[in-house]
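# Tertiary structure, described
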Amino acid sequence: MLTSSARFAMARPRAVLVAALLLMLICGGFGATVKDHMVGGGYLTDSLESVQANDFITKNFPGGNPNLIVMVSGDGGVNSPDVRAEAQRVTDTLGNDPNVTGVQSYWTNLTTRSDLATALKSKDGRRGLILATVTGTDTDVQNRAAVLSAELNGDHDGVQVRVGGMAGTFADINHQVEKDLLLAEAIAVPVSAILLVLVFGSVIAALLPVGVGLFAIAATLGILRGLTTVMDVSIFALNMTSALGLALAIDYSLFIVSRYREELGNGLDTRAAVLRSVQTAGRTVVFSGLTVALALAALAVFPQPFFKSFAYAGVAVVVAAVGASVLLLPAALMLLGDRVNAWDLRKPVRRLLGRGEPAPKPVEQTFWYRLVTGVMKRALPVAVVAAAMLLALGSPFLKAHFGTPDDRVIGTFASSRQVGDALRQDFNADMGSSAVVVLPGFHGDAKEIGAYAKDLAAVPGVAAVLSSDGVYGVPPGATAVTKLAAGVPQMIGPGGTYLSVGTTVAPYSPAGKQQLAALRAVPAPGAVLFGGAAALNKDTMDSVISRIPLAAGLIAIITLILLFLFTGSVVLPVKALLLNMLSLTATFGAMIWIFEQGHLSSLLGFTSVGSLDLFMPILMFCLAFGMSMDYEVFLLSRIREEWLASDRDPAANTRSVALGVARTGRIFTAAAGLMAVVLLAVATSEVAPMKLFGIGLALAVVSDATIIRGLLAPALMRLMSTGNWWAPKPLAALHKRIGLEESAPVAEGDHAGGDQHQDADDAEAMAHAVSEGGRMVGTVPRV
């Protein structure tokens, strides 16, 4: 299939490139508005109890669980004429909006509900709150909240208006993510181009991966926009999948272009070099992409739209990156020929410095060869020390605490963050994290509700419980339980009853979990559902954690099967699985140390909240696990090639490993560096989960390409010797029938040295036969 696709691209290269350019423009134009159709979050599913509680209130008590909070403040206090006038303007704007319900405020409740008015006024009396509910789907809510934020936010004659709440928070995050994406791409593309020039020397060769990367970005936008028409797609997918598409496209292009230049150096003509590059490096790229895609596909086992959008979008983006690499590059290389080495910037620099062309350095004198040779001389202590170091780096992960994100994921410049900080610090109860208790179908006596509310108010950390029978908990400034006054929305309706529980405890903290458990333990007069921030967090965490074993099992099984088909060994897949887990353990430990414990919060510009967004480590695990297979496959391929060239001489195992690493180390280190640049560009985001994503994956990629491939993998392969390639006889026979064998090169035109090259490949093909006893089997495509 790869040979056929390469021949197709080489036969009509201009048509292929023009079609790609048109497709790029179409996808870019179609996907230009994708942000407006994405959802801010995607963490919730309808099956969660807390979501059902919120839906009950939305249906039966419009405005009973507000998602928009507007804070109006002024130096003269909430009762000054200027503040009152501005509050009235905001209230009128919200009240006249057909998509907003349940508008109430400190000022509207001042005469009819002094108890509620007290809860809506800050402790210092400078700030007052206006609560409302923006209706519609998740996408509608965030878009409508963005419009309201733009209209209401601002300073007017010394009075400040800030929009927050859940709807305001997601509107701010969406806007920031869109800005951050433009900045990340503006950083990643030119920096990657500069680094590629340093790697290749040639400007022309460096521009090929960048071009494929730009195609991948445009394709990503079109794919995401298409997915929004049939499903909810998380706003976070915009940055992440764009970064993934760019990183993989550059990564894969680097390997294929490097192999093409190598084949030209071996004497092949353009057509034969392109075909050979696709048959070898291209085959490995396809396998690598398959591994990444299947790892991402495992995210579909989670019910949350956040994960499903990454599963579908991620797979599509990987396919686009692989397709562009094995189709567009052959066409471009066919047109360029040996001009791929044009504009070599190293030559004028050497002339300027008065230096001649450097003599080729023997492989035995290269840094990587000397490093790996030294490592294998001390294989056991190096393996022990490196493993111990990675485990030590991963130790903070043992104390990880997870939660769902809130407004603190964005900087203090955002209005929703300013409102959230004020609610946590300046008000008696955080109205943004209040719990709601729903009793569907309950129409009992109001005194029963009052008794239940009184018991709930006795739970530690509860500021007040608002019920149809009054307010319990006696907030500061009140002297007795106050009855509902006329004109206040009732909390008992045809569908049932609900109560609002104000809390002073952070909902995502361990204390918040304990308080929720205590509230649920209070005997209720009927069937009860709990909603609010703490309940949403608990339900979401339980839902995600229960699916982790299934997702991890699928990824492990997929990896073991694919690597067996690729290598014919049962040892190497297990080794790869263990090394990847070790690398990821160290990465996640570092993320806990940085982001949860907050050791670098000032330097990196984020707020540590004492917990980590569980969604990000799961997403990072799938991505990092798949991408680490890139380096594993390319490394194994060259080691296998050298070992086969030695006729499987056990004494040559050490040299084969050293030669394999020496001849690929520079390439996969450059690939890791380029991928890290793209990911660190994402980490410039002002949204904390994006920082976590970018820094965490960059660290995983770099550590994998250095510590794992440079130290641990060679040490273990030295210790296991020829046992690396062992497989039981039945599996050896199975691999011989269905394994991913590398086909012999197909002659394409006359070229110098062609017979010699063909003979070498024929000899390698013969060496792939099953050895005596069927115990040493398999083949790996060469890099």
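So, here's what we can say about the structure. (Residues numbered from 1 in each chain as written. Predicted model: local features only at pLDDT ≥ 70, side-chain atom pairs only at ≥ 80, totals over all residues. Heavy atoms only, no water.)

## Side note on empty space enclosed by the protein
Where empty space is left in the structure can be found by rolling a water-sized probe over the atoms. Selection rule: Cavities and pockets were defined on a 1 Å grid built over protein atoms only: a cavity is a set of grid points that admits a 1.4 Å probe from which the probe cannot escape, a pocket is an open set flanked by protein on both sides within 12 Å along at least five of seven lines, and lining residues are those with an atom within 4 Å of any such point. Grid points are joined across faces, edges and corners, and a volume is the space filled by probe spheres set on the points. Labels follow the DSSP assignment, with helices taken as runs of H or I lasting at least four residues and strands as runs of E lasting at least two, numbered in each case from the N terminus. Here the nonpolar group is Ala, Val, Leu, Ile, Met, Phe, Trp, Tyr, Cys and Pro; Asp, Glu, Lys and Arg are the charged ones; every other residue, Gly included, is treated as polar.
Inspection of the entire model under this criterion finds six cavities of 30 Å³ or more. In this structure, the largest cavity occupies an estimated 210 Å³ of space. The wall of the largest cavity is formed by 18 residues, among which Val 409, Val 609, Ser 611, Asp 613 and Ala 688 lie closest to the centre. Listed by contribution, the elements that provide at least two residues to the lining of the largest cavity are β13 (612-613) and α24 (688-720). The element contributing the most residues to the lining of the largest cavity is α24, with three residues. Of the residues that constitute the lining of the largest cavity, the class distribution is ten nonpolar, five polar and three charged. Within this model, the second largest cavity holds a volume of roughly 90 Å³. Along its surface, the second largest cavity is lined by 16 residues, and Ser 433, Ala 435, Thr 503, Gln 515 and Ala 534 are the ones closest to its centre. For the lining of the second largest cavity, the secondary-structure elements that each account for two or more residues are α17 (510-521), β12 (529-532) and α18 (533-545). If you tally residues by element for the lining of the second largest cavity, the top one is α17, at four residues. Taken together, the residues that form the lining of the second largest cavity break down as nine nonpolar, seven polar and no charged.

## Considerations on the pattern of salt bridges
Quick reminder of the rule: Salt bridge, as used here: a side-chain nitrogen of Lys or Arg that lies within 4 Å of a carboxyl oxygen of Asp or Glu. Exposure classes here rest on a 1.4 Å probe applied to the protein chains alone. A residue is buried below 20% of its type maximum, exposed above 50%, and partly exposed in between.
Taken as a whole, this structure holds 20 salt bridges when the rule is applied. For Arg 127, the salt bridge goes to Asp 124, with nearest N and O atoms at 3.7 Å. We classify Asp 124 as partly exposed; its relative accessible area is 46%. For Glu 632, the salt bridge is made with Lys 575, and the minimal N-O distance between the two is 3.2 Å. With Glu 632 in helix α22 (residues 615-645) and Lys 575 in helix α20 (residues 571-596), this residue pair connects regions lying 57 residues apart in the sequence. The burial state of Glu 632 is the same as that of Lys 575; both residues are buried. Through salt bridges with shared partners, a single ionic network connects Asp 407, Arg 417, Asp 421 and Arg 424.

## Thoughts on helix α2 (residues 13-30)
Defined as follows: A helix's residues, less one, multiplied by 1.5 Å, set its expected span. Contact definition: two residues touch when any of their heavy atoms are within 4.5 Å.
For α2, with 18 residues, the first-to-last C-alpha span of 26 Å sits near the 26 Å given by 1.5 Å per residue. For α2, the elements touching its buried residues are α1 (2-11), α8 (203-228) and α11 (305-336).

## Things to note about the sheet that holds strand β4 (residues 154-156)
How we decide: DSSP bridges decide pairing: two strands pair if at least two such bridges lie between them. Angles run from 0 to 180 degrees between N-to-C directions of axes, and those axes are lines fitted to C-alpha atoms, restricted for helices to the stretch in contact.
Sheet architecture is open: five strands sit in the order β2-β3-β1-β5-β4, paired in antiparallel fashion. What marks the edges here is a single partner per strand, and that holds for β2 (100-105) and β4. If you compare each strand with its neighbour and ignore which way they point, the axes differ by 20° on average. For β2 and strand β3 (residues 127-134), the ladder comprises four bridges, and the chain directions are antiparallel. Counted as the bridge partner of Gln 104 is Leu 131 from β3. Sitting on the sheet, helix α4 (residues 81-95) is in contact with β1 (68-74), β2, β3, β4 and β5 (159-164), with an inclination near 160° to β1.

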